[in-house]
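# A structural walkthrough
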Amino acid sequence: MVYLKVKYIIFAVGQWLLVQKSEIPCLPLLVCTVGYSLLSMPSTPHHQAAPHTEATSTHNSPNPTNDADTAPKDSVVLPAYSTEDKYEDDPWNLPELQDNGLKWSELDTKGKVLRVLTAIVKFILLVGFLYMFVCSLDVLSSAFQLVGGKAAGDIFQDNAVLSNPVAGLVIGVLVTLLVQSSSTSSSIVVSMVSSGLLEVQSAVPVIMGANIGTSVTNTIVAMMQAGDRNEFRRAFAGATVHDFFNWLSVLILLPLEAATGVLYKLTKIIIDSFNIQGGNNAPDLLNVITDPLTDAIIELDKNVISDIATGDPAARNKSLIKIWCKTEKITTLVNITVPSAANCTTGALCWVEGNKTLTQINVTETINLERCNHIFVYANLPDLAVGLILLALSLLILCTCLILIVKLLNSMLKGQVAVVIKKVLNTDFPFPFGWVTGYIAIMVGAGMTFIVQSSSVFTSAITPLVGIGVISLERAYPLTLGSNIGTTTTAILAAMAAPGETLANSLQVALCHFFFNIAGILLWYPIPFTRIPIRLARALGNRTAKYRWFAALYLLLCFLLMPLTILGLSLAGWQVLVGVAVPIVVLAIFIIVVNLMQARCPQYLPSGLRDWDFLPRPLHSMAPWDRVVTSGMAFCGARCCCKCCQSTDDEEKGFQHGPASLWNAFDTL
């Protein structure tokens, strides 16, 4: 008995060290190994049979009895607690996707062949749905540009507003939100800088805003997983960790840049120190695969937006929809009449014939050679109508592909496959090199984003994986940071291909974007305590999982209402902006400090501030608002959908055996 007690004590100490997450990684492992070895040793003589200690179900026993009464004294009984008890109710734990099917060793030859073929079919379907998902993101960006591209060009056209750093930041957010592409908004900024309409120093806040606006795509993707509460919790947190990183980085770096110009000066030194020569454009990797499909749907002339931003009056009447894909420009000398010889171009031939003064100028004429092949090339529709059609189509395909991808991943990532994948993606290197894992994840995120040439595509692709529990939030965070770096390296390569007269300005804007993300990573990643975006995203995930309508409110507030309000205050003047913003910021800081003190040291607060119960309940609780929203949605559903609900029994049966059978097919594959 003493021997058994010693074994139990050693094993329990090892488990307790694992639960407490000892700072010496080898110690819990060593103690658990010793304890497990002792528990595995038989306490009876070798010539006696060891007692059977595995729990058996009652249906396997002809006379089921109480295990406690029949168990021998020397049988091994595990401690009453385990390392999983502490976390079993934690919704942030990665779910264990159990495989309820037969093991590989239990299958016959036919079963093994069928399983291999099923896995191949699933993989092909997964690749196909992922391809359609990426293409739908591209079409979604084109749809937003058709709907709001000219408005984005008009916003950029007001150079006086862009000189205000706060207004420039908000304009960067709104324009990127309208065109759904930070690359497009950055190229507009580069065009304005190259044409002399905007200084590089004024362009830095716009680039910061573009960094924020591009993160809305994966937030929209996360909302497609609202059906399952825990999946939605993880997916929305995995998407909004990007938002919080960008907002917090801007909160620190925008005032610093406005006061010191550190990013502008750093990139200026780099540009002036090196004799940078133009090179090739960024290589087309993913576009080679997706362009055949997306170009068959729609092709846009993105120069129209840049021309509007740079003040070209003729661009306002042009359509963004590209009609002629192959053109040729011919420049010829043309004789024109001018009022007098003083109006002749310097260096050009000028002569007088009778009462007319003539001169020669170069006239460039564009000859259309070949039409495009997309489906809207012959459609006589305005840009807004085509944009709305593509918006509805792309959102439908996006949602459908995302649902099918999640279903396929849930059916594929089970059993041993899920264990291996989760270990590869979420396990840190052994002590003392565990800190290296996050930086490798940053490099992986940068490399993958460079390959797909879009941070929106990469972050939107990992969001469903975070939702179903394949990638943890702690691992998704460095992948997202790497994605921010990857998209800037693509922009740097694109800037290197700029003409000689615009190379320096284009490259300096791209370098400002790069160093902004590097500075943000240095602020919010190296020290674990500073990884505030993870904690904020986790809190927001809990909130949106409880009140799912709050996700839509978050999108409207952070990416539309708040930027529009700040832009309006900026247009009214910096005095108005400061007069309104400062009291709001002071109130927000006061609320944050009081909340922290209520949670950690309420004894130092006055009795009236130890809770918020003195306020009306809608000001400190979401429950009243939830009742209003829920009742409103119920009323709308009852009024608007009553006709749809009045269907015959045959129709109901057909619906139940229609779409439901599709989901069941993926579950049973």
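Let me sum up the structure you'll find in this document. Predicted model, so just to flag it, every value in this text is computed and none were measured.

Turning our attention to the overall build of the protein. When you go through the protein residue by residue, the secondary structure sums to 26 helices and three strands. For the protein, the residues scored as buried account for 38% of the 669 residues in total. Restricting to contacts in the protein with at least 6 residues of sequence separation, those with at least 24 account for 75%. Of the roughly 37400 Å² of accessible surface on the protein, 65% is carried by carbon and sulfur atoms.

What follows concerns the packing of aromatic side chains. For the structure shown, the criterion picks out ten aromatic pairs. With a centroid separation of 6.1 Å and 40° between ring planes, the pair formed by tryptophan 612 and phenylalanine 614 is classed as tilted. Residue class for phenylalanine 614 comes out partly exposed when judged on its relative accessible area of 49%. An aromatic cluster is present here, built from Phe232, Phe236, Tyr554 and Phe559 joined pairwise through their rings. Here the basic side chain of arginine 371 rests over the ring of tryptophan 324, its NZ or CZ set 4.7 Å away from the ring centre.

Take the packing of helix H10 (residues 229–260) against helix H17 (residues 455–468) next. Relative to each other, H10 and H17 sit at 145°, their axes nearing to 7 Å. The interaxial crossing formed by H10 with H17 has right-handed handedness. Where H10 approaches H17, its residues Glu231, Arg234, Ala235, Gly238, Ala239 and His242 are matched on the opposing element by Thr459, Thr463, Val466, Gly467 and Ile468. Per-class residue counts for the contact of H10 with H17 are four nonpolar, five polar and two charged.

What follows concerns a nonpolar patch on the surface. Where nonpolar side chains cluster on the molecular surface, the patch consists of Trp104, Val113, Leu114, Val116, Leu117, Ile120, Phe123, Ile124 and Val127 and spans about 850 Å² of accessible area. Note that tryptophan 104 resides in the loop between helix H3 (67–70) and helix H4 (109–157).

Looking now at helix H18 (residues 473–496). Between its first and last C-alpha atoms H18 spans 35 Å; for 24 residues at 1.5 Å apiece the expected length is 34 Å, and the two agree. Counting buried residues in H18 gives 18 out of 24 residues, a clear majority hidden from the surface.

Moving on, we get to the packing of helix H16 (residues 436–452) against H17. Running from N to C, H16 and H17 point in directions that differ by 120°, and their axes come no closer than 8 Å. One element, H16, and the other, H17, form an angle in the oblique class. Crossing handedness for the pair H16 and H17: right-handed. Contacts between H16 and H17 involve Gly445, Met448, Thr449 and Val452 on the former and, on the latter, Ser455, Val457 and Phe458. In terms of residue class, the contact of H16 with H17 is built from four nonpolar, three polar and no charged.

Glancing now at the state of the cysteines. Counted under the stated rule, the structure contains one disulfide. The partner cysteine of cysteine 325 in its disulfide is cysteine 372, sulfur to sulfur 1.8 Å. Sign of the S-S torsion, about 115° for the bond between cysteine 325 and cysteine 372, identifies this disulfide as right-handed. Linking cysteine 325 in strand S1 (residues 324–338) with cysteine 372 in the loop between strand S3 (356–371) and helix H14 (383–412), this pair joins segments that are 47 residues apart in sequence. Assessed through its relative accessible area of 36%, cysteine 325 is described here as partly exposed. The structure places no disulfide on cysteine 135, whose sulfur is separated from the nearest cysteine sulfur, that of cysteine 401, by 9.1 Å.

In terms of nonpolar packing, the biggest core is built from 46 residues, with Met208, Phe236, Val250, Tyr477, Leu481, Ile521 and Phe559 touching the most fellow members. Sort the elements by how many residues they give to this core and H10 lands first, with twelve residues. Residues in contact with valine 250, not counting those within four places in the same chain, are Leu169, Met208, Ile212, Pro255 and Phe516. By size, the runner-up hydrophobic cluster in this structure holds 39 residues, among which are Leu174, Val200, Ile207 and Val386.

So, how was this worked out
Residues numbered from 1 in each chain as written. Predicted model: local features only at pLDDT ≥ 70, side-chain atom pairs only at ≥ 80, totals over all residues. Heavy atoms only, no water. Helix = DSSP H or I, 4+ residues; strand = E, 2+ residues; numbered from the N terminus. Buried < 20%, exposed > 50% of the residue type's maximum accessible area, 1.4 Å probe, protein only. Contact = heavy atoms within 4.5 Å. Areas by Shrake-Rupley, 256 points an atom, 1.4 Å probe, with all protein chains shown as cover. Phe/Tyr/Trp six-rings, centres within 6.5 Å; stacked < 30°, edge-to-face > 60°. Lys NZ or Arg CZ within 6 Å of the ring centre and 35° of its normal. Axes fitted to C-alpha atoms, helices over the stretch in contact; angles between N-to-C directions. Left-handed = near helix turned anticlockwise from the far one by under 90°. Nonpolar A, V, L, I, M, F, W, Y, C, P; charged D, E, K, R; others polar. Patch = residues over 30% accessible without salt bridge, like charges linked within 9 Å, V, L, I, M, F, W, Y side chains within 5 Å. Salt bridge = Lys/Arg side-chain N within 4 Å of Asp/Glu carboxyl O. Expected span 1.5 Å × (residues − 1). Parallel < 35°, antiparallel > 145°, perpendicular 65-115°, else oblique. Disulfide = S-S within 2.5 Å. Core = buried A, V, L, I, M, F, W, Y, C linked by side-chain atoms within 4.5 Å.

Keep in mind these values describe shape, not function.
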